[in-house]
Amino acid sequence: MTTANAIIVGASSHLSKEIARQLAEQKVSLVLFVQDPDAMAEFAASLPTKVDVLPLDIENPAAIISQLEKVWLSLDGAHLVLVNTGLNGYSEALPWELEQDIIDVNVRGFAAICNTTFRLMREQGYGQIAAINSIAGLRGGPSVAYHASKAFAQNYFEGLSMHAQRLKLPITITDIQLGLLDKAAMQQSKLWLPPLPKVAKQIIVAMQKGKRKVYVTKRWRLVAWLTLLLPEFIYNTRHWKNKKKK
């Protein structure tokens, strides 16, 4: 029986680690791309399966493409590539440097990873590409480039799915729309902030079922639906209502 291989690009976050832990418990061999491999060594050694940790240069698309191609050859392919890369930030001054960094990581880096993976899976003849995106991409927001970049990721995945269907390729594209968990954590909302193992489990189940798009956790589907329904004058005011000066 062939052991399943999974590549996680952007594996250093708490969520990625929990997903890696649960996949490892299912005896899935892992390749973890992170910016600081040394910091992941102890975690990787604790997993009950074969794990390789490799450096990730997310702001250099050419380097990402080369890294993926080399790993693909060494593994003789992969069943799953999960992308969890994302840079966010907010400044009232809206400096270009911050916007450019977000675009470089969330758009250029993301597209390079997914485009290369799709090509490799097309040559392989099968596979699944999944990405942890965000419902922040449904509409614009104060963190201008971040919201726009997540809209790009969502549409890029829809395009990849359509392309796979046109070419009749058995490549599954799974868009994981994560709720605003950072915001829920800041507000200490128990209702909207589920335990990390539960979030990871829902993501893994969605991937195993070959879902095209899934909201995690499931209750965020309601928030996404309401967000899309809000007229702009209400949605915009909700973000930018002036505070009264004391």
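Preceding this section is the structure that the text describes.
Owing to the predicted nature of the structure, the values given are computational and were not obtained by experimental measurement.

Asks: What's the story with the pairing of strand S2 (residues 29–34) in this structure? I'm lost.
Replies: Regular strands show a simple pattern: their side chains alternate between the two faces of the sheet. Most of S2 sits out of view: six of its six residues are buried. Alternating positions in S2 separate into two faces, Ser29, Val31 and Phe33 on one and Leu30, Leu32 and Val34 on the other, with burial throughout. As paired elements, strand S1 (residues 5–9) and S2 share five bridges and run parallel to each other. The partner of isoleucine 8 across the bridge, within S2, is leucine 32. Each parallel crossover has a hand, and for S1 linked through helix H1 (residues 14–25) to S2 it is right-handed. Taking the sense of rotation as the criterion, the β-α-β connection linking S2, helix H2 (residues 37–45) and strand S3 (residues 51–55) turns out right-handed.

Asks: Got a minute to help me understand the packing of aromatic side chains in this structure?
Replies: Two aromatic rings, taken as a pair, are described by how far apart their centres are and by the angle between their planes. Summed over all chains, the structure comprises three aromatic pairs. Considering the side-chain rings of phenylalanine 110 and tyrosine 156, the 6.4 Å spacing of their centres and the 75° angle between planes classify their relative orientation as edge-to-face. Linking phenylalanine 110 in helix H4 (residues 96–124) with tyrosine 156 in helix H5 (residues 144–166), this pair joins segments that are 46 residues apart in sequence. Assessed through its relative accessible area of 3%, phenylalanine 110 is described here as buried. According to the relative accessible area criterion, tyrosine 156 is partly exposed, its value standing at 22%. Judged by centre distance (5.8 Å) and plane angle (35°), the rings of phenylalanine 110 and phenylalanine 157 are tilted. Here phenylalanine 110, found in helix H4, pairs with phenylalanine 157, found in helix H5; they are 47 residues apart in sequence, far enough to count as distant. Accessibility classification places phenylalanine 110 together with phenylalanine 157 in one group, the buried group. Through pairs of rings, three or more aromatic residues link up here, namely Phe110, Phe152, Tyr156 and Phe157. The ring of phenylalanine 43 has lysine 17 sitting right over it, with the charged end atom 5.7 Å from the ring centre.

Asks: Please clarify how the packing of H4 against H5 should be interpreted in this entry.
Replies: Packed helix pairs are characterised by how far apart their axes lie and by the angle those axes make with each other. At a minimum axis separation of 9 Å, H4 and H5 run at an interaxial angle of 10°. Relative to H5, the element H4 lies roughly parallel. For H4 against H5, the interelement crossing comes out right-handed. In contact with Glu99, Ile102, Ile103, Asn106, Val107, Phe110, Ala111, Cys114, Asn115 and Phe118 of H4, H5 contributes Val144, Ala145, Tyr146, Ser149, Lys150, Phe152, Ala153, Tyr156, Phe157, Leu160, His163 and Ala164. Here the residues of the contact of H4 with H5 are counted per class, giving 16 nonpolar, four polar and two charged.

Asks: Sorry if this is basic, but what is going on with the packing of H1 against helix H7 (residues 196–208) here?
Replies: At a minimum axis distance of 9 Å, the contact between H1 and H7 shows a crossing angle of 65°. The interaxial crossing formed by H1 with H7 has right-handed handedness. On H7, the residues that touch His14, Leu15, Glu18, Ile19, Gln22 and Leu23 of H1 are Leu196, Pro197, Val199, Ala200, Lys201, Ile203 and Ile204. Residue composition of the contact of H1 with H7, by class: nine nonpolar, two polar and two charged.

Asks: Explain the sheet that holds S2 here, please?
Replies: Strands pair in a sheet through their backbones, by hydrogen bonds, and they do so in one of two ways: parallel or antiparallel. The strand order S3-S2-S1-S4-S5-S6-S7 describes an open sheet built from seven strands, whose pairing is parallel. Pairing within the sheet leaves two strands with one partner each, and these edge strands are S3 and strand S7 (213–216). Averaged over all adjacent pairs, the angle separating strand axes in this sheet is 15°, with direction ignored. Taken strand by strand, helix H3 (residues 61–75) contacts S1, S2, S3 and strand S4 (80–83), and its axis lies near 165° from that of S2. Each of S1, S4, strand S5 (127–134) and strand S6 (171–178) is contacted by H4, which is oriented at about 160° to S5, the strand it contacts most.

Procedures and definitions
- Residues numbered from 1 in each chain as written.
- Predicted model: local features only at pLDDT ≥ 70, side-chain atom pairs only at ≥ 80, totals over all residues.
- Heavy atoms only, no water.
- Buried < 20%, exposed > 50% of the residue type's maximum accessible area, 1.4 Å probe, protein only.
- Helix = DSSP H or I, 4+ residues; strand = E, 2+ residues; numbered from the N terminus.
- Pairing = 2+ DSSP bridges.
- Right-handed = clockwise from strand over helix to strand, strands pointing away.
- Phe/Tyr/Trp six-rings, centres within 6.5 Å; stacked < 30°, edge-to-face > 60°.
- Lys NZ or Arg CZ within 6 Å of the ring centre and 35° of its normal.
- Axes fitted to C-alpha atoms, helices over the stretch in contact; angles between N-to-C directions.
- Parallel < 35°, antiparallel > 145°, perpendicular 65-115°, else oblique.
- Left-handed = near helix turned anticlockwise from the far one by under 90°.
- Contact = heavy atoms within 4.5 Å.
- Nonpolar A, V, L, I, M, F, W, Y, C, P; charged D, E, K, R; others polar.

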